[in-house]
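# Architecture at a glance
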Amino acid sequence: MGMRGFLVISNSARTSSDFSLNDLPGAGRMDVMCRCVNSVFLTSHGMRKDATAYLLLLGPPDPPKLIRMEGSELKYLGPDERNIGGLIRKALGVKVERGERMTSPGIYVSKIHLEELFEMLSDEWDIYYLREDGEDIRNVGLEDGSLFVLGDQNGLTEDQERIVEKFAKATVSVSPLSLHSDHCIIIAHAELDRRSHDEGSSA
Ligand SMILES: C[S@@+](CC[C@H](N)C(=O)[O-])C[C@H]1O[C@@H](n2cnc3c(N)ncnc32)[C@H](O)[C@@H]1O
């Protein structure tokens with residue numbers, strides 16, 4: 001487990017491998033998931049090894065599918081959407097009923113429902129729900145072990161929000177504007193980067 005986690009919940013992203021890397025938007029906006037993965041792990045010339053990404057895909061034909069990616073174990077992660085889409089597609093092509101299966105170094109697939117997932121995550125992480133009208137991230141005392149939950153291009157449903165709010169320590173906003181999910185991830189990272197840098201320089 002990394003020291004920072006991001007869970008992106010997509011109600012539309014396809015849950016089988018029968019999609020084209022030339023049309024990621026047509027696979028239930030898989031392009032949005034690919035950009036989120038880029039934002040979780042990639043810096044200008046490096047990789048955030050302390051990060052974990054969870055993608056909960058709930059589109060047709062075989063929901064739910066959870067893809068977990070561990071920065072400390074990942075290999076072959078390129079910045080472009082086709083490369084990331086290829087890794088996701090490979091994970092979705094592996095048959096899984098119980099437990100979790102590794103599909104590439106650092107990439108795991110499983111079948112788990114939202115509430116069960118949160119029960120598992122809340123043992124490991126301090127959970128924060130990212131939403132436009134939340135508390136300003138600059139006023140929230142975040143520590144290592146924070147996991148941020150985001151919606152897709154359409155946000156979460158009310159039922160999903162009720163579950164997230166049951167497990168979240170707080171609802172947090174990164175900007176007064178409504179932003180793309182991948183951009184919110186970059187801002188949350190930057191806030192944590194600032195804090196660890198400030199702590200380092202005052203030590
Ligand atoms: C494109 S937005 C979804 C917008 C959608 N129309 C809605 O109302 O939920 C995708 C996700 O990014 C996150 N998000 C967007 N803007 C945010 C902000 N200013 N602060 C925190 N999270 C934000 C939320 O988790 C949201 O579900």
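Please refer to the structure higher up on the page.
All of the points below concern the structure found in this document. Worth saying up front: this structure is predicted, and the values here are computed from it rather than measured.

## Quick look at the packing of aromatic side chains
- Scanning all chains against the criterion turns up four aromatic pairs.
- Judged by centre distance (5.4 Å) and plane angle (25°), the rings of F6 and F148 are stacked. With a gap of 142 residues between them, F6 in strand β1 (residues 4–10) and F148 in strand β7 (residues 146–151) connect regions that are remote in the sequence. For the pair shown, F6 and F148 are each scored as buried.
- Judged by centre distance (6.5 Å) and plane angle (85°), the ring pair of Y54 and W125 falls under edge-to-face. Of this pair, Y54 sits in strand β2 (residues 51–57) while W125 is found in the loop between α3 (114–124) and β6 (126–136), placing the two residues 71 residues apart along the sequence. Both residues of the pair, Y54 and W125, belong to the buried class.
- Lying over the aromatic face of Y108, R68 brings its terminal NZ or CZ to 4.2 Å of the ring centre.

## Topic: the sheet that holds β1
- Reading across the sheet, the eight strands line up as β4-β5-β3-β2-β1-β7-β6-β8 and stay open at both edges, with mixed pairing between neighbours. At either end of the open sheet lies a strand with only one pairing partner, and these are β4 (100–104) and β8 (170–173). Each neighbouring strand pair of the sheet contributes to a mean axis angle of 30°, computed without reference to strand direction.
- Sheet topology note: the strand β3 (residues 65–70)/strand β5 (residues 107–110) ladder contains four bridges and is antiparallel.

## Quick word on a negative patch on the surface
- A surface patch of negative charge is lined by E116, E119, D123 and E124.
- Position of E116 among the secondary structure elements: in helix α3.

## Some details on helix α1 (residues 30–41)
- Taking 1.5 Å as the rise per residue, α1 with twelve residues should run 16 Å; its terminal C-alpha atoms sit 17 Å apart, in good agreement.
- The buried fraction of α1 is high, at ten of twelve residues.
- All of the buried residues along α1 are M30, D31, V32, M33, C34, C36, V37, S39, V40 and F41.

## Observations concerning the nonpolar core
- Core analysis: the largest hydrophobic core is formed by 47 residues, its most contacted members being M30, F41, I67 and I88.
- The element contributing the most residues to this core is α1, with eight residues.
- Among all residues touching I88, those that are not within four sequence positions of it are M30, M33, C34, L55, L57, I67 and M69.
- Among the nonpolar cores identified, the runner-up in size contains 20 residues, and I112, L114, F118 and F167 belong to it.

## Comments concerning unusual backbone geometry
- The residue after P60, namely P61, is reached through a cis peptide bond having omega 5°.
- Structurally, the position occupied by P61 is in the loop between β2 and β3.
- With phi around 65°, Y76 is a residue other than glycine that occupies positive phi space.
- With respect to the helices and strands, the residue Y76 is situated in the loop between β3 and α2 (81–92).

Conventions and cut-offs
- Residues numbered from 1 in each chain as written.
- Predicted model: local features only at pLDDT ≥ 70, side-chain atom pairs only at ≥ 80, totals over all residues.
- Heavy atoms only, no water.
- Phe/Tyr/Trp six-rings, centres within 6.5 Å; stacked < 30°, edge-to-face > 60°.
- Helix = DSSP H or I, 4+ residues; strand = E, 2+ residues; numbered from the N terminus.
- Buried < 20%, exposed > 50% of the residue type's maximum accessible area, 1.4 Å probe, protein only.
- Lys NZ or Arg CZ within 6 Å of the ring centre and 35° of its normal.
- Pairing = 2+ DSSP bridges.
- Axes fitted to C-alpha atoms, helices over the stretch in contact; angles between N-to-C directions.
- Patch = residues over 30% accessible without salt bridge, like charges linked within 9 Å, V, L, I, M, F, W, Y side chains within 5 Å.
- Areas by Shrake-Rupley, 256 points an atom, 1.4 Å probe, with all protein chains shown as cover.
- Salt bridge = Lys/Arg side-chain N within 4 Å of Asp/Glu carboxyl O.
- Lys, Arg positive; Asp, Glu negative; His and termini not counted.
- Charge placed at Lys NZ, Arg CZ, Asp CG, Glu CD.
- Expected span 1.5 Å × (residues − 1).
- Core = buried A, V, L, I, M, F, W, Y, C linked by side-chain atoms within 4.5 Å.
- Contact = heavy atoms within 4.5 Å.

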